[in-house]
Amino acid sequence: MRALIVEDEFLSRKVLKSFLMTLFEVEIVVNGREAIEAFKLAHRENQPYGLILMDIMMPEVDGIEALKQIRKLEADEDLRPRVKVIMTTALDDPQTVMRSFYDGEASAYIVKPVVKEKLYKELEKLNLLTK
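Predicted, not measured: the structure shown is a model, and the values here were computed from it.

Draft legend 1. Focus on the side chain of Arg13. With respect to the helices and strands, Arg13 occurs in helix α1 (residues 10-20). The side chain of Arg13 sits in the buried core without any salt bridge; Glu7 is the nearest counter-charge, 6.2 Å away. From its side chain, Arg13 meets the backbone oxygen of Asp8 in a polar contact 3.1 Å long. Beyond its immediate stretch of four places on either side in the chain, Arg13 contacts Ile5, Glu7, Asp8, Ile28, Val29 and Val30.

Draft legend 2. Spotlight on unusual backbone geometry. Note the cis peptide between Arg80 and Pro81, where omega equals -10 degrees. For Pro81, the position within the fold is in the loop between α3 (63-76) and β4 (84-89). The step from Lys112 to Pro113 runs through a cis peptide bond, and the omega angle for that step is 0 degrees. For Pro113, the location among the structural elements is in the loop between β5 (108-111) and α5 (116-125). Positive phi, normally seen in glycine, also occurs at Asn46, with a value near 60 degrees. Relative to the helices and strands, Asn46 is located in the loop between α2 (32-44) and β3 (49-55). With a phi angle near 70 degrees, Glu60 is a residue other than glycine that sits in the positive phi range.

Draft legend 3. Structural detail: the side chain of Asn31. Here Asn31 shows up in the loop between β2 (25-29) and α2. With a relative accessible area of 3%, Asn31 lands in the buried category. Polar side-chain contacts of Asn31 include one of 3.1 Å to the backbone nitrogen of Arg33. Among the polar contacts listed, one links the side chain of Asn31 to the backbone nitrogen of Glu34, at a separation of 2.8 Å.

Draft legend 4. Looking closely at the pairing of β3. Of all seven residues in β3, seven are buried; the element is thus mostly enclosed. Note: strand β1 (residues 2-6) against β3, five bridges, orientation parallel. Its bridge partner lying in β3, Val6 is registered against Met54. Bridge count for β3 against β4 is five bridges, and the pairing is parallel. Within β4, the residue paired with Asp55 across the bridge is Thr88. Note that the unit made of β3, α3 and β4 has a crossover that is right-handed.

Calculation rules
Residues numbered from 1 in each chain as written. Predicted model: local features only at pLDDT ≥ 70, side-chain atom pairs only at ≥ 80, totals over all residues. Heavy atoms only, no water. Helix = DSSP H or I, 4+ residues; strand = E, 2+ residues; numbered from the N terminus. Buried < 20%, exposed > 50% of the residue type's maximum accessible area, 1.4 Å probe, protein only. Lys, Arg positive; Asp, Glu negative; His and termini not counted. Salt bridge = Lys/Arg side-chain N within 4 Å of Asp/Glu carboxyl O. Polar contact = N/O pair within 3.5 Å; in protein donor to acceptor, adjacent residues only side chain to side chain. Contact = heavy atoms within 4.5 Å. Pairing = 2+ DSSP bridges. Right-handed = clockwise from strand over helix to strand, strands pointing away.

Written out as structure tokens, the structure reads:
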């Protein structure tokens with residue numbers, strides 16, 4: 001299964017990749033605009049992502065807006081199954097959580113720094129990891 005990491009910070013990209021590389025075929029982009037393009041390309045190539053880890057605060061297009069656009073593409077083109085999206089952010093406030101889940105239809109939410117055990121627990125809840 002393919003996974004896309006969307007993260008503008010180098011160290012976070014490196015850590016997330018190390019957590020996922022034994023479980024997924026991992027690709028990385030650095031902002032929401034690139035995430036949307038990577039999502040489109042993956043579907044054109046008939047190799048969609050099963051998981052996206054998306055930072056919220058990024059330059060150009062933030063994570064919530066990118067997720068909204070990805071969900072719109074899924075709806076407009078009837079793409080199934082929908083990709084599982086885990087939002088990652090340093091923001092631990094209820095308003096951001098609500099926007100991620102209700103505006104962007106996120107699958108899960110993790111506050112940074114991302115810890116491997118917490119990430120794996122979320123993957124397990126999303127049926128992307130089996131014990």
